[in-house]
Amino acid sequence: MTAALFGLSAAWQMPFLFTAVYAILRSLVPITASRQELADLRSEVGLLRREFDQANSSRIEHYPDAAAFYKAEVDYLVNRCPSHMDAWYMRLETPDDFSASSAAFADYFQAVLDWAHNGGSVRRLFCLGSSRGYASWTAQHREQTRHLRSYSIREVTWPIKADLMSMAIMDTSAVFLAFTVGDRVQGMRIEDSEAAAYFRSYFDRHWENARVVTRTPTP
């Protein structure tokens, strides 16, 4: 009643409930004859608290800048070892131009290529922005990556004079979203299979309607 009156969340109430249960049982069971029972109770209370914390833990992590965001993506590829990645690059400048201004992005972009070389499956969708060199960039990139059999790229024309949201979907478990805020990148990671499935369906629709950038056959 008091918790409801002051608007306390369930997370704040649980420790007090555990303590109350423990106190009641301790008063009802003679201490001299129930040391094992009390030890078991402590163990069960601890397990309940851990399960509660896991069920209510945040699945969203925020990154204040490009360095933190792209490092987190590389760490996920290396340490979590997903098998498939869908990436959506939506910037006015080409990846080469953006790499020149952001070392963290350059490391990430290369890490994806290395990961694909080692067996990772990648679909990469590029938005042709207003950069004059963009039209030839995707063809050149396709040529440079023609040896990567599990690396597919497509392109769309979306000449809006503003960077859009970029994303990377890791299997069906996590989604990384990057936003350009002013002159810097901020981002977030959502670890949730249902959310990842939503973004995958959204990506699939654009992928199906994008232009295929063909691979030149290897001699």
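Above this text you will find the structure in question.
Residues numbered from 1 in each chain as written. Predicted model: local features only at pLDDT ≥ 70, side-chain atom pairs only at ≥ 80, totals over all residues. Heavy atoms only, no water.

A word on helix α7 (residues 134–144)
Among the residues of α7, Tyr-134, Trp-137, Thr-138, His-141 and Arg-142 are the ones counted as buried. Taken around the axis of α7, the buried residues stretch over an arc of 130°, which confines them to a single face. In the core, the buried residues of α7 are packed alongside β2 (84–89), α5 (95–101), α6 (103–117), β3 (121–128) and β4 (151–157). (Buried < 20%, exposed > 50% of the residue type's maximum accessible area, 1.4 Å probe, protein only. Helix = DSSP H or I, 4+ residues; strand = E, 2+ residues; numbered from the N terminus. Arc of directions from axis to C-beta. Contact = heavy atoms within 4.5 Å.)

Observations concerning the environment of Ser-152
On the secondary structure map, Ser-152 appears in strand β4. Taking C-alpha positions, Ser-152 is 6.1 Å from Val-122, a pair spaced 30 residues apart along the chain. With near-sequence residues (within four places) excluded, Ser-152 lies in contact with Val-122, Arg-123, Arg-124, Arg-142 and Trp-207.

With respect to the sheet that holds strand β1 (residues 60–63)
On the basis of which strands lie adjacent, the open sheet formed by eight strands has the order β1-β7-β6-β5-β2-β3-β4-β8 and mixed pairing. Two strands lie at the open edges of the sheet, namely β1 and β8 (211–212), each paired on one side alone. When strand β6 (residues 174–181) meets strand β7 (residues 184–191), the two strands line up antiparallel, connected through eight bridges. Residue Leu-177 lies in a different strand from β7, and its bridge partner there is Met-188. The strands touched by helix α8 (residues 193–208) within the sheet are β2, β3, β4, β5 (166–170), β6 and β7, with β3 carrying the most contacts at an inclination of about 60°. (Pairing = 2+ DSSP bridges. Axes fitted to C-alpha atoms, helices over the stretch in contact; angles between N-to-C directions.)

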